[in-house]
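Here's the letter readout for the chains.
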Amino acid sequence: MNQTKIISTVLFYICSVLSGGYLITAVYSLFCLATDFSVTPYKNSKFLHINYPFTEQPFLNIENNYSYIIFSFMLVLFSYGIFFWLSAKVFKVFFQPKLFTKEHIAQLKRFYLFNIFTPLPIVIIASFFVEVESMIWGLVFIHFMLGIFCLFLANIFKQGLHLQNEQDLFI
């Protein structure tokens, strides 16, 4: 179990950093696009550079049309920020002193609900406005399978909580 705690701790911190990176990038990009701060158009304004703060160095390169900005850029940044935040919460479950708790089951449930029910509707809606590459459908499938796996894990945790509570009653 010690190996699991070490690995889950490392993954918790990695996912936390990734989540923070995605969400900070999303908020910064939204701010830049809304205020025109640190944004440089190029190629006859077909594309935009979102620059590093207070520099002229490009940080992100995006197409300059609303459909792309909303569905292929901002929605992806926010969705993966949430995904990695929820992943960090799941990994945190595995290095806690007590494994089977209602809160841990709730964390697993949030993760599987997000992965099962969020990617497909987002991609379907986005497909009406932007071209969706075939690789994206593979990512949707991977998220779905990850959600199903976590659903099974949540059900195991529910059974573990039930058995743990029964055992507590007998002691």
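Residues numbered from 1 in each chain as written. Predicted model: local features only at pLDDT ≥ 70, side-chain atom pairs only at ≥ 80, totals over all residues. Heavy atoms only, no water.

As recorded in an unreviewed UniProt entry, the protein goes by DUF2975 domain-containing protein and comes from Chryseobacterium artocarpi.

### Topic: the packing of helix H1 (residues 2-35) against helix H2 (residues 66-93)
Their axes nearest at 8 Å, the elements H1 and H2 cross at an angle of 155°. In terms of their interaxial angle, H1 and H2 are classed as roughly antiparallel. Along this stretch, H1 crosses H2, giving a crossing that reads as left-handed. Looking at the contact of H1 with H2 residue by residue, the classes come out as 21 nonpolar, seven polar and one charged. (Axes fitted to C-alpha atoms, helices over the stretch in contact; angles between N-to-C directions. Helix = DSSP H or I, 4+ residues; strand = E, 2+ residues; numbered from the N terminus. Parallel < 35°, antiparallel > 145°, perpendicular 65-115°, else oblique. Left-handed = near helix turned anticlockwise from the far one by under 90°. Nonpolar A, V, L, I, M, F, W, Y, C, P; charged D, E, K, R; others polar.)

### Details of the UniProt feature "transmembrane region" (unreviewed entry) in the protein
Here the UniProt feature "transmembrane region" (unreviewed entry) sits at residues 12-31, 68-91, 111-130 and 136-157. Overall, residues 12-31 shows 100% helix and 0% strand. The separation of its end C-alpha atoms is 28 Å. Along residues 111-130 one finds 80% helix and 0% strand; the C-alpha atoms at either end are 27 Å apart. (UniProt positions renumbered as here; feature names shortened; annotations may be inferred.)

### A closer look at the sheet that holds strand E2 (residues 47-51)
Strand order across the open sheet formed by three strands is E1-E2-E3, with antiparallel pairing between neighbours. With partners counted over all chains shown, the strands left at the sheet margins are strand E1 (39-42) and strand E3 (58-63), one partner each. The mean angle between the axes of side-by-side strands here comes to 25°, regardless of whether they run parallel or antiparallel. Contacts between H1 and the sheet are confined to E1, E2 and E3, with E2 contributing the most and set at about 120° to the helix. (Pairing = 2+ DSSP bridges. Contact = heavy atoms within 4.5 Å.)

### Looking at the domain arrangement of the protein
As assigned here, the protein comprises domain 1 (1-80) and domain 2 (96-170). Its C-alpha centre places domain 1 at a distance of 24 Å from the equivalent point of domain 2. Roughly 710 Å² of surface becomes buried between domain 1 and domain 2 when both sides are summed, with 72% attributable to carbon and sulfur atoms. If you sort the residues of domain 1 by the area they bury against domain 2, Phe71, Ser79 and Tyr80 come out on top, with a joint share of 57%. For the pair domain 1 and domain 2, the interface holds zero salt bridges. Counting across the interface, domain 1 meets domain 2 through one residue pair in polar contact (both at pLDDT 80 or more). Considering each element in turn, the side of domain 1 that touches domain 2 owes the most residues, seven residues, to H2. Grouping the amino acids of the side of domain 1 that touches domain 2 by side-chain chemistry returns five nonpolar, three polar and one charged. (Domains from an automatic or database assignment. Buried area = accessible area lost by both parts, 1.4 Å probe. Salt bridge = Lys/Arg side-chain N within 4 Å of Asp/Glu carboxyl O. Polar contact = N/O pair within 3.5 Å; in protein donor to acceptor, adjacent residues only side chain to side chain.)

### A few points about H2
Its 28 residues give H2 an end-to-end C-alpha distance of 39 Å, which sits within 8% of 40 Å, the value for a rise of 1.5 Å per residue. If you look at H2, its biggest bend is around 35°, right at Leu75. (Expected span 1.5 Å × (residues − 1). Bend = angle between axes of the 7 residues up to and from the residue.)

### Remarks on the pairing of E1
When E1 meets E2, the two strands line up antiparallel, connected through four bridges. Its bridge partner lying in E2, Val39 is registered against Ile50. Linking two consecutive strands that pair antiparallel, namely E1 and E2, is a turn of four residues; a positive phi of about 55° is found at Lys43 within it.

### Topic: the environment of Phe149
Inspection of the secondary structure assignment puts Phe149 in helix H5 (residues 134-170). In sequence terms Phe149 and Ile7 are 142 residues apart; their C-alpha atoms lie 19 Å from each other.

### Digging into the pattern of salt bridges
According to the stated counting rule, one finds one salt bridge in the structure shown. With a shortest N-O distance of 3.5 Å, Arg110 and Glu103 are connected by a salt bridge. Arg110 gets classed as partly exposed once you look at its relative accessible area, which sits at 39%. For Glu103, a relative accessible area of 42% puts it in the partly exposed group. (Buried < 20%, exposed > 50% of the residue type's maximum accessible area, 1.4 Å probe, protein only.)

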